[in-house]
Amino acid sequence: MTTLDTEPATPAATVDVGAVASFTITLRIRRFNPEVDPEPHWEDYQVQAYGSERVLDALHKVKWEQDGTLTFRRSCAHGVCGSDAMRINGRNRLACKTLIKDASPDRPITIEAVKGLPLLKDLVVDMEPFFDSYRDVMPFLIPSGHEPTRENLQSREERARFDETTKCILCAACTTSCPVFWTDGQYLGPAAIVAAHRFIFDSRDHGARERLEVLNDREGVWRCRTTFNCTEACPRGIHVTAMIAEVKKALLTRTM
Amino acid sequence: MPKASVGTLYRGHEGMWSWVAHRITGVLVFFFLFAHVLDTALVRVSPNDYNTVIATYKNPIVGLLEAGLVGAVLYHALNGLRVMAVDFWGKGPRFQKTMLWSVVVLWVVLMVPFLIVQLGHIAQGA
Ligand code: SF4
Ligand code: FES
């Protein structure tokens, strides 16, 4: 008797446990179409979302189901390629790594392009000035002497010295969170300094002198005012301000 | 011509606001120094006029401005030490928030006795 009573109830209970609540959220997106809008403006969109989804999923729903003209960059959708840095609720984040439940789902989620780079359309900015600074620090291994005839070996400790800065995905979240960069677009910016750090402290590299020269420039590391916005924004958990401080110290202690 | 996106205020953390406060206090101290150099230079032009100008400073409004100036100098100095520690002390970046709250606590501890004395002076019209 008992068995008969409980058996039909069991599947229903299972469904309940497995169900994830979905709810309606509002995305407040700063739209800009250079062909028609003199100024960017805010637009609200309602989408049905699960707390376990990411802001990127919500943006997809807007683009695929409501307004195909919404423009943003994304590629991997898994925090690897660095395409989708944007300002979510006033802070630089990757849309693909920000969960809806962490982004105040009960209030409108504000989404806008990153600050300090030229706005092209909606959430897309011109990344060229950012990559120009990246190129300035010569982000490639500079060997010395003759072409090597055997492997260029490195100890674990030597490799660990610059491990943190190898993790950068060039998303620009750090550089575009920096108040110094907003007002002075010439400043190399945290991401370029992180890239320089990766080679300066690599035992196989011999270009430290040239790189430090670039970083010692007026628009180099000394522009850094340690606001820690970059460290807080980095989706890869790089302690950007600490890395910049290491480069500053290297500049002071280098033997000229 | 594409323009940079301005949009909402960036919601930075303690580090950003400590920097904003550092800027503001720095500008305040600069303007004080500017006025101070001018009035002190006056003593070489005419000691009598200098005395007249300095006498006008003895009023409650200037007394409150002085209190503000001390507050600004104190914050700028203490936070300046913190910024140096962030850059040149290996553990600085890790302890930046702790150091900021220490700066704030120290600032309050030093400002309270000073304000009591200063407000006393103002009340006496000195
Ligand atoms: S350091 Fe971090 S925030 Fe800056 S570009 Fe690299 S991954 Fe992005
Ligand atoms: S889409 Fe590749 S990092 Fe977000």
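Residues numbered from 1 in each chain as written. Chains lettered and ligands numbered in written order. Predicted model: local features only at pLDDT ≥ 70, side-chain atom pairs only at ≥ 80, totals over all residues. Heavy atoms only, no water.

**Side note on the pairing of strand β1 (residues 22-31) of chain A**
Under the convention used in this document: Pairing between two strands is assigned when DSSP locates at least 2 bridges connecting them. Think of it this way: any DSSP run of H or I at least four residues long counts as a helix, any run of E at least two long counts as a strand, and we number them from the N terminus.
Pairing of β1 of chain A with strand β2 (residues 41-50) of chain A involves ten bridges; the strand directions are antiparallel. In the strand pairing of β2 of chain A, Thr-24 of chain A is matched with Gln-48 of chain A.

**Overview of the packing of aromatic side chains**
We count it as follows: Side-chain rings of Phe, Tyr and Trp (the six-membered ring for Trp) are treated as a pair once their centres are within 6.5 Å; stacked means planes under 30 degrees apart, edge-to-face means over 60, and tilted covers the remaining angles. Think of it in three bands: residues with accessible area under 20% of the maximum for their type are buried, residues over 50% are exposed, and the middle band is partly exposed, with areas taken using a 1.4 Å probe on protein chains only. Lysine NZ or arginine CZ positioned within 6 Å of the ring centre and within 35 degrees of the ring normal marks a charge as sitting over the ring.
Inspection of the entire model under this criterion finds five aromatic pairs over all chains. Centroid distance Phe-30 of chain B to Phe-31 of chain B: 5.6 Å. Interplanar angle 70°. Geometry classified as edge-to-face. Of the residues examined, Phe-30 of chain B reaches a relative accessible area of 51% and is grouped as exposed. Three or more aromatic residues link up through ring pairs in this structure, and these residues are Phe-30, Phe-31 and Phe-34 of chain B. Against the face of Phe-199 of chain A rests Arg-198 of chain A, its NZ or CZ located 4.3 Å from the ring centre.

**With respect to the packing of helix α6 (residues 190-200) of chain A against helix α7 (residues 208-215) of chain A**
All names here are of chain A. Inclusion rule: Axes here refer to lines fitted to C-alpha atoms; in helices the fit is confined to the stretch in contact. Angles between the N-to-C directions go from 0 to 180 degrees. Here is the rule for angles: anything less than 35 degrees is roughly parallel, anything more than 145 is roughly antiparallel, 65 through 115 is roughly perpendicular, and the remaining ranges are oblique. Crossing handedness: left-handed means the near helix sits turned counterclockwise from the far one by under a right angle, and right-handed means the same turn made clockwise. Contacts: residue pairs with any heavy atoms within 4.5 Å of one another. The classification used treats Ala, Val, Leu, Ile, Met, Phe, Trp, Tyr, Cys and Pro as nonpolar, Asp, Glu, Lys and Arg as charged, and all other residues, Gly among them, as polar.
The geometry of α6 relative to α7 is characterised by a closest axis approach of 10 Å and an angle of 155° between their N-to-C directions. Between α6 and α7, the angle falls in the class roughly antiparallel. At the point where α6 passes α7, the crossing takes the left-handed sense. Here Ile-193, Ala-196, Phe-199 and Ile-200 of α6 lie close against α7, whose contacting residues are Ala-208, Arg-211, Leu-212 and Leu-215. Across the contact of α6 with α7, the residue classes tally to seven nonpolar, no polar and one charged.

**Topic: the interface of chain A and chain B**
Note the cut-off: Put simply, buried area is how much 1.4 Å-probe accessible surface two parts lose in total, over both of them, once they are put together. Any carboxyl oxygen of Asp or Glu that lies within 4 Å of a side-chain nitrogen of Lys or Arg is treated as forming a salt bridge with it. In the analysis that follows, any N or O atom pair within 3.5 Å is treated as a polar contact, provided that within protein one partner can donate a hydrogen and the other can accept it, and provided that, for residues neighboring in sequence, both atoms belong to side chains.
Across the contact, 35 residues belong to chain A and 25 residues belong to chain B. With both chains or domains summed, chain A and chain B bury close to 2,500 Å², and 56% of this area falls on carbon and sulfur atoms. Two residues, Lys-248 of chain A and Asp-87 of chain B, come together in a salt bridge whose shortest N-O distance is 2.8 Å. Applying the counting rule to chain A against chain B returns nine residue pairs in polar contact (both at pLDDT 80 or more). Among the elements of the structure, β4 (91-94), β6 (119-121), α5 (179-183), α8 (229-233) and α9 (240-253) of chain A are those that each provide at least two residues to the side of chain A that touches chain B. Element by element, the count of residues in the side of chain A that touches chain B is highest for α9 of chain A, at six residues. Its residues placed into classes, the side of chain A that touches chain B shows 16 nonpolar, nine polar and ten charged.

**Examining the pairing of strand β3 (residues 85-88) of chain A**
All names here are of chain A. What you see with β3 is no split at all: Ala-85 and Arg-87 on one side and Met-86 and Ile-88 on the other are buried throughout. Pairing analysis gives four bridges linking β3 to β4, with the strands arranged antiparallel. Across the sheet, Ile-88 pairs through a bridge with Arg-91, a residue of β4. Linking β3 back to β4 in an antiparallel pair, the connection comprises two residues, with Asn-89 at a positive phi of about 50°. Direction of pairing for β3 relative to strand β5 (residues 109-112): antiparallel, over a ladder of two bridges.

**Some thoughts on helix α4 (residues 96-123) of chain B**
The α-helix winds at 3.6 residues per turn, so residues separated by three or four positions along the chain end up facing the same way. All names here are of chain B. The line we're drawing: Helix span, as expected, comes to 1.5 Å for every residue beyond the first. We define the bend at each residue as the angle formed by axes fitted to the 7 residues ending at it and the 7 residues starting at it.
Between its first and last C-alpha, α4 extends 39 Å over 28 residues, near the 40 Å set by a 1.5 Å rise per residue. Taken as a whole, α4 carries its principal kink of about 25° at Met-111; the proline Pro-113 stands between one and four residues after it. Where the residues of α4 are buried, they touch α1 (14-45) and α3 (60-88).

Shape is all these values report; function is a separate question.
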